[in-house]
Amino acid sequence: MFFRNLTFFRFPATLAKTLDDLDERLEECRLKPVGPSELMSRGFVSPFGRDEAAMSHRVGDGIWITLGGEDRLLPSAVVNDQLGRKIAEIEEKEGRRLGGRARKRMKEDIVMELLPRAFVRPVRCHATIDLEHGFIAVDTSSRKTAENLVSELRHALGSFPALPLNAETSVRAVMTGWLAGEPLPGGLVLGDECELKDPVDGGAVVRCSRHELQTDEIRKHLESGKQVTRLALVLDDHVGFVLGEDLVVRKLKFLDGAVDQLEGSERDGLHAELDARYALMAGELKRLFAVLGGALKFSAAEA
């Protein structure tokens, strides 16, 4: 269950007490099956599975929550094919061309007719809440998906002022400095991937993957004025990731240095295994957030 991406939001750590009755609030917003005339349904589920009772899982000051969903799959090609057939049939029968409003109403009718027969796809989006540092990390690189989860959590709690992560310094400038040879924060080393862009609109973009970054080739791009917009980093030989100038962490990977901690200990059942993995992950993300926050000066959330 290790996360693969991280989109961060901050909230005032003083609001941690508002999460004391989190399970009860999430239970009130539990996922309901998508209706026959609905395109989708959203609600919270247990991190251990939809039919499990616990609506969250807590280890220390870390809380694991999961937003579930059901989406009806209704391809636009199917709808348009049905619409085209009906339009052609009516226009041939009545000898006139249908107007835009009539076509729109007909399309809506076709969608309502096909929805009950559409396949239902389950979706899951996980997040971890760190009460010490006051952040939520959502397992997605999509800002829209992350904001949807935070919005659903805010709805469940009644009020929860979580805002997208922001830095007081230029992330692009800091990463460019690191790639140019400036000292990295303790525990961080360069990885093997980066993206460089000319600062002018429409300028050149250079992407390197599985590439040594401290080379004359990269140095020449920096000397020509290109700036780093994504940079692969490794923290403590435990976590590898790609940091973007948007502060989204992508390609998150837990390395042998971290995963080895799970080896050699016996755990009875799936719950115990997931508990151990979450505890490990929450600890590593706490360290990652602290290191990046110290270097990039994350803005504090206001109460």
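Residues numbered from 1 in each chain as written. Predicted model: local features only at pLDDT ≥ 70, side-chain atom pairs only at ≥ 80, totals over all residues. Heavy atoms only, no water.

Q: How should I be thinking about the packing of aromatic side chains in this particular structure?
A: For any pair of aromatic rings, the description consists of the separation of the ring centres together with the inter-plane angle of the planes. All told, the structure shown has eight aromatic pairs when counted by the stated rule. Ring centres 5.7 Å apart and planes at 70 degrees place the aromatic pair phenylalanine 48 and tryptophan 64 in the edge-to-face group. Remark: tryptophan 64 occurs in strand β4 (residues 62-73) and phenylalanine 48 occurs in the loop between β2 (40-45) and β3 (57-59); sequence separation between them is 16 residues. Taking the relative accessible area as the measure of exposure, phenylalanine 48 reaches 15% and is therefore buried. Looking at tryptophan 64, the relative accessible area reads 1%, which means it is buried. (Phe/Tyr/Trp six-rings, centres within 6.5 Å; stacked < 30°, edge-to-face > 60°. Helix = DSSP H or I, 4+ residues; strand = E, 2+ residues; numbered from the N terminus. Buried < 20%, exposed > 50% of the residue type's maximum accessible area, 1.4 Å probe, protein only.)

Q: Is there a simple way to explain helix α3 (residues 100-114) in this structure?
A: Counting along an α-helix, one turn takes 3.6 residues, and residues three or four places apart therefore face a common direction. Relative to the 21 Å expected for 15 residues at 1.5 Å per residue, α3 spans 21 Å between its end C-alpha atoms, a close match to the ideal helical length. Listed as buried for α3 are Met106, Ile110 and Leu114. Mapping the buried residues of α3 onto a view down its axis gives an arc of 65 degrees, with all of them on the same face. For α3, the exposed residues lying more than 90 degrees away from the buried face are Arg101, Lys104, Arg105 and Asp109. (Expected span 1.5 Å × (residues − 1). Arc of directions from axis to C-beta.)

Q: Please explain the packing of helix α2 (residues 76-94) against α3 as it appears in this structure.
A: Packed helices, taken two at a time, are described by the angle between their axes plus the distance between the axes. Remark: α2 packs on α3, axes separated minimally by 10 Å, with the N-to-C direction vectors making an angle of 130 degrees. With respect to their mutual orientation, α2 and α3 come out oblique. Handedness of the crossing formed by α2 with α3: right-handed. On α3, the residues touching Val78, Val79, Asn80, Gln82, Leu83, Lys86, Ile87, Ile90 and Glu91 of α2 are Arg103, Met106, Lys107, Ile110, Val111, Glu113 and Leu114. When grouped by side-chain class, the residues that make up the contact of α2 with α3 number nine nonpolar, two polar and five charged. (Axes fitted to C-alpha atoms, helices over the stretch in contact; angles between N-to-C directions. Parallel < 35°, antiparallel > 145°, perpendicular 65-115°, else oblique. Left-handed = near helix turned anticlockwise from the far one by under 90°. Contact = heavy atoms within 4.5 Å. Nonpolar A, V, L, I, M, F, W, Y, C, P; charged D, E, K, R; others polar.)

Q: Sorry, what's going on with the environment of leucine 233 here?
A: With respect to the helices and strands, the residue leucine 233 is situated in strand β10 (residues 227-235). In sequence terms leucine 233 and glycine 35 are 198 residues apart; their C-alpha atoms lie 45 Å from each other. Ignoring any residue separated from it by four or fewer positions in sequence, one finds leucine 233 in contact with Trp178, Leu184, Leu188, Val189, Leu190, Gly191, Val239, Gly240, Phe241 and Leu243.

Q: What's the story with the pattern of salt bridges in this structure? I'm lost.
A: A side chain of one charge can pair with a side chain of the opposite charge if their charged atoms are brought near each other. In this structure the tally under the stated criterion is 19 salt bridges. One salt bridge in this structure joins aspartate 216 and arginine 219, with 2.5 Å as the shortest N-O distance. In this pair, aspartate 216 and arginine 219 both sit in helix α6 (residues 216-223), three residues apart, roughly one turn of the helix. Residue classification places arginine 219 among the partly exposed residues on the basis of a relative accessible area of 39%. Between arginine 287 and aspartate 236 there is a salt bridge; the shortest N-O distance is 2.9 Å. Of this pair, arginine 287 sits in helix α8 (residues 270-296) while aspartate 236 sits in the loop between β10 and β11 (239-244), placing them 51 residues apart in sequence. Judged by relative accessible area, arginine 287 falls into the partly exposed class, the value being 35%. (Salt bridge = Lys/Arg side-chain N within 4 Å of Asp/Glu carboxyl O.)

In short, the description is geometric, and any link to function would need to be established separately.
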